[in-house]
Amino acid sequence: MWETKTDDGFFRTNCPVCGNKLIGDSEKGEQVCPSCGFVTTGPVDEGPEWKAIDLEEKSKRVRVGSPTTLTLHDLGLSTDISTEMRDSHGKYLDPAMRATVEKMKKWQSRIRTINSQERGLSIVLSRISEVCNNLSLPRNVAETAALIYRTSVKLKVAKSKSIMGMTAATVYLACRKCGVSRTLKEVARAAGLEKGNVAKYFRLILKDVEKNYIPPPSVEKHISKLVNLAKIDPRVEHLALNVSRQTNDSKISSGKAPAGLAAAYVYMSSVMLGEHLPQREVAEFAEVTEVTVRNRCRELLDNYIIRQKLGWKE
DNA sequence: ATGGTTTTTACTGCGTC
DNA sequence: GACGCGGTAAAAACCAT
């Protein structure tokens, strides 16, 4: 039972079999039902992972950015001035004091209108945090997403745009900027949106906010992610990365979905190392079809002679 | 909108356990 | 027979123009 997400893209908190609350094992990232033994692999510990064993983990560990959090819109401070014109002892205020208090109230209401803009900001920022948690993304991605959103507000790009659309698009862009491999599809799913919808907002932001092009995650990132997700032997990852570096030909990769290529490398490496994962499984985790995996494998074998000490057909 | 490219869907056949 | 694998044709999705 690998699939941990429900149809709407969120992780379960209750057992789908008997309905009891799942107990998390933060070490393995699994959740277990105490009464029926149902096991799922949802993210339990959202904190930073300090065991860096591959590319993705390494990039997650990068600590950059400002020390204060950008994902909170203010410090949570707000005070109201009473409508009753009395002082703290209950005595009525004299006319002069009354006038100054009136002035203060006026100012506060002006400030309040700024707060209503801020309120919109805070909603999106909390959504960003939610979506990042759903995707078990590191803190710096959420911070980056928050920064992107703040600047798009400043540039009036976020004006009258769907909250979730902007959220998903900023998170996706943040992933690309931080070098964390998450597909548009995955982000859209976590936000409960259609892929095409998110793409629209993403293009918008790319056009007006983040003008320099950020390349999508490399095949190597995809390999790392795939190995991580499917809990494959790190040796397979090592070999897959090796082979991919030696064959990263434009002939092989141009126009091809990097996830499919990554799946092919991982599959081939697993065969070479005697692990022999089923195509089906690799394809599933890479979110491509077996056909695509096969096609990439065939192209690789047509163009390269891939050898391994332990013996592999040529 | 369109046309070319890639991916998916659906199906078939083969060998093995 | 079920399973994993390899292939193909056609539909669907994607992308640049």
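Since we're looking at a predicted model, the values are computed, not measured.

### Things to note about the overall build of chain A
Part 1 of the reasoning: A tally of regular secondary structure across chain A gives 12 helices and three strands.
Part 2 of the reasoning: Taking all 314 residues of chain A together, 39% fall into the buried category.
Part 3 of the reasoning: Taking as baseline every contact in chain A between residues at least 6 positions apart, the subset at least 24 positions apart corresponds to 64%.
Part 4 of the reasoning: Accessible surface computed for chain A: about 18300 Å², of which carbon and sulfur atoms make up 53%.

### Focus on the pattern of salt bridges
Side chains bearing opposite charge may pair, as long as their charged atoms lie close to each other.
Part 1 of the reasoning: A full pass over the atoms with the stated rule returns nine salt bridges.
Part 2 of the reasoning: Here Glu186 ties to Lys225 by a salt bridge, and the two come within 2.6 Å at their closest N and O atoms. A residue pair is termed long-range when its members are at least 10 positions apart, and Glu186 in helix H5 (residues 184–191) and Lys225 in helix H7 (residues 219–230) qualify at 39 residues. Taken as a pair, Glu186 and Lys225 share a single burial class, namely buried.

### Quick notes on the side chain of Ser270
Part 1 of the reasoning: Its location among the elements puts Ser270 in helix H10 (residues 258–272).
Part 2 of the reasoning: Residue classification places Ser270 among the buried residues on the basis of a relative accessible area of 0%.
Part 3 of the reasoning: Polar side-chain contacts of Ser270 include one of 3.2 Å to the backbone nitrogen of Leu277.
Part 4 of the reasoning: Discounting chain neighbours no more than four positions away, the residues touching Ser270 are Val236, Glu275, His276 and Leu277.

### With respect to the protein's contact with DNA strand B
Part 1 of the reasoning: Surveying the vicinity of DNA strand B reveals the residues Ser254, Gly255, Lys256, Ala257, Glu287, Val288, Thr289, Val291, Thr292 and Arg296.
Part 2 of the reasoning: Measuring from a phosphate oxygen of DNA strand B, one finds a side-chain N or O atom of Lys256 at 3.2 Å.
Part 3 of the reasoning: Residue Arg296 places a side-chain N or O atom 2.6 Å away from a phosphate oxygen belonging to DNA strand B.

### Side note on the nonpolar core
Part 1 of the reasoning: Counting 38 residues, the largest nonpolar core has Ile128, Leu135, Leu137, Val141, Tyr149, Val171 and Ile205 as the members making the most contacts within it.
Part 2 of the reasoning: Secondary-structure elements contributing two or more residues to this core are helix H2 (95–134), helix H3 (139–154), helix H4 (163–178), H5 and helix H6 (195–208).
Part 3 of the reasoning: No other element matches the nine residues that H4 contributes to this core.
Part 4 of the reasoning: Excluding its chain neighbours within four sequence positions, the residues that come into contact with Leu135 are Val171, Arg182, Glu186, Val187 and Ala190.

### Focus on the protein's contact with DNA strand C
Part 1 of the reasoning: In the vicinity of DNA strand C, nine residues are found, and the nearest of them are Lys195, His276, Gln279, Arg294 and Arg298.
Part 2 of the reasoning: Counting only atoms of DNA strand C within 4 Å of the protein, the fraction found in sugar and phosphate groups is 67%.
Part 3 of the reasoning: Here a phosphate oxygen of DNA strand C sits 3.0 Å away from a polar atom, N or O, in the side chain of Lys195.
Part 4 of the reasoning: Examining the composition of the surface near DNA strand C, we find that three residues originate from one element, helix H12 (residues 290–303), more than from any other.
Part 5 of the reasoning: Partitioned by chemical class, the residues of the surface near DNA strand C number three nonpolar, two polar and four charged.

### Describing the side chain of Thr247
Part 1 of the reasoning: Here Thr247 lies in the loop between helix H8 (234–246) and helix H9 (250–253).
Part 2 of the reasoning: Within the structure, the side chain of Thr247 is placed 2.8 Å from the backbone oxygen of Val243, a separation counted as a polar contact.

### Quick word on H7
Part 1 of the reasoning: Taking 1.5 Å as the rise per residue, H7 with 12 residues should run 16 Å; its terminal C-alpha atoms sit 16 Å apart, in good agreement.
Part 2 of the reasoning: H7 sits mainly inside the fold: nine of its 12 residues count as buried.
Part 3 of the reasoning: A positive backbone phi angle near 55 degrees is found at Lys231, which sits one or two residues after H7.

### Focus: the packing of H4 against H6
Part 1 of the reasoning: Where H4 contacts H6, the two axes come as close as 8 Å, and the packing angle between them is 65 degrees. As for the relative orientation of H4 and H6, their crossing is right-handed in sense. Side by side, H4 and H6 meet where Gly165, Met166, Ala168, Ala169, Thr170, Tyr172, Leu173 and Arg176 of the first sit next to Val198, Tyr201, Phe202, Ile205 and Leu206 of the second.
Part 2 of the reasoning: Here the contact of H4 with H6 is built from residues that sort into 10 nonpolar, two polar and one charged.

### Side note on the packing of aromatic side chains
Part 1 of the reasoning: Here the structure, examined in full by the defined rule, presents one aromatic pair.
Part 2 of the reasoning: Taken together, a centroid distance of 4.8 Å and an interplanar angle of 70 degrees make the contact between Tyr172 and Phe202 edge-to-face. Here Phe202 lies in helix H6 and Tyr172 lies in helix H4, a separation of 30 residues in the sequence.

### With respect to the environment of Glu194
Part 1 of the reasoning: Here Glu194 shows up in the loop between H5 and H6.
Part 2 of the reasoning: For Glu194, a relative accessible area of 62% gives the class exposed.
Part 3 of the reasoning: Remark: the alpha-carbon pair of Glu194 and Leu184, spanning 10 residues in sequence, is separated by 9.6 Å.

### A few points about H5
Part 1 of the reasoning: Where burial is concerned, most of H5 is hidden: six out of the eight residues are buried.
Part 2 of the reasoning: Looking only at H5, the buried set comprises Leu184, Glu186, Val187, Ala188, Ala190 and Ala191.
Part 3 of the reasoning: Just beyond H5, the residue with positive phi is Gly192, at close to 70 degrees.

Cut-offs applied
- Residues numbered from 1 in each chain as written.
- Chains lettered and ligands numbered in written order.
- Predicted model: local features only at pLDDT ≥ 70, side-chain atom pairs only at ≥ 80, totals over all residues.
- Heavy atoms only, no water.
- Helix = DSSP H or I, 4+ residues; strand = E, 2+ residues; numbered from the N terminus.
- Buried < 20%, exposed > 50% of the residue type's maximum accessible area, 1.4 Å probe, protein only.
- Contact = heavy atoms within 4.5 Å.
- Areas by Shrake-Rupley, 256 points an atom, 1.4 Å probe, with all protein chains shown as cover.
- Salt bridge = Lys/Arg side-chain N within 4 Å of Asp/Glu carboxyl O.
- Polar contact = N/O pair within 3.5 Å; in protein donor to acceptor, adjacent residues only side chain to side chain.
- Near = heavy atom within 4 Å.
- Core = buried A, V, L, I, M, F, W, Y, C linked by side-chain atoms within 4.5 Å.
- Nonpolar A, V, L, I, M, F, W, Y, C, P; charged D, E, K, R; others polar.
- Expected span 1.5 Å × (residues − 1).
- Axes fitted to C-alpha atoms, helices over the stretch in contact; angles between N-to-C directions.
- Left-handed = near helix turned anticlockwise from the far one by under 90°.
- Phe/Tyr/Trp six-rings, centres within 6.5 Å; stacked < 30°, edge-to-face > 60°.

In short, shape yes, function no, at least from these values alone.
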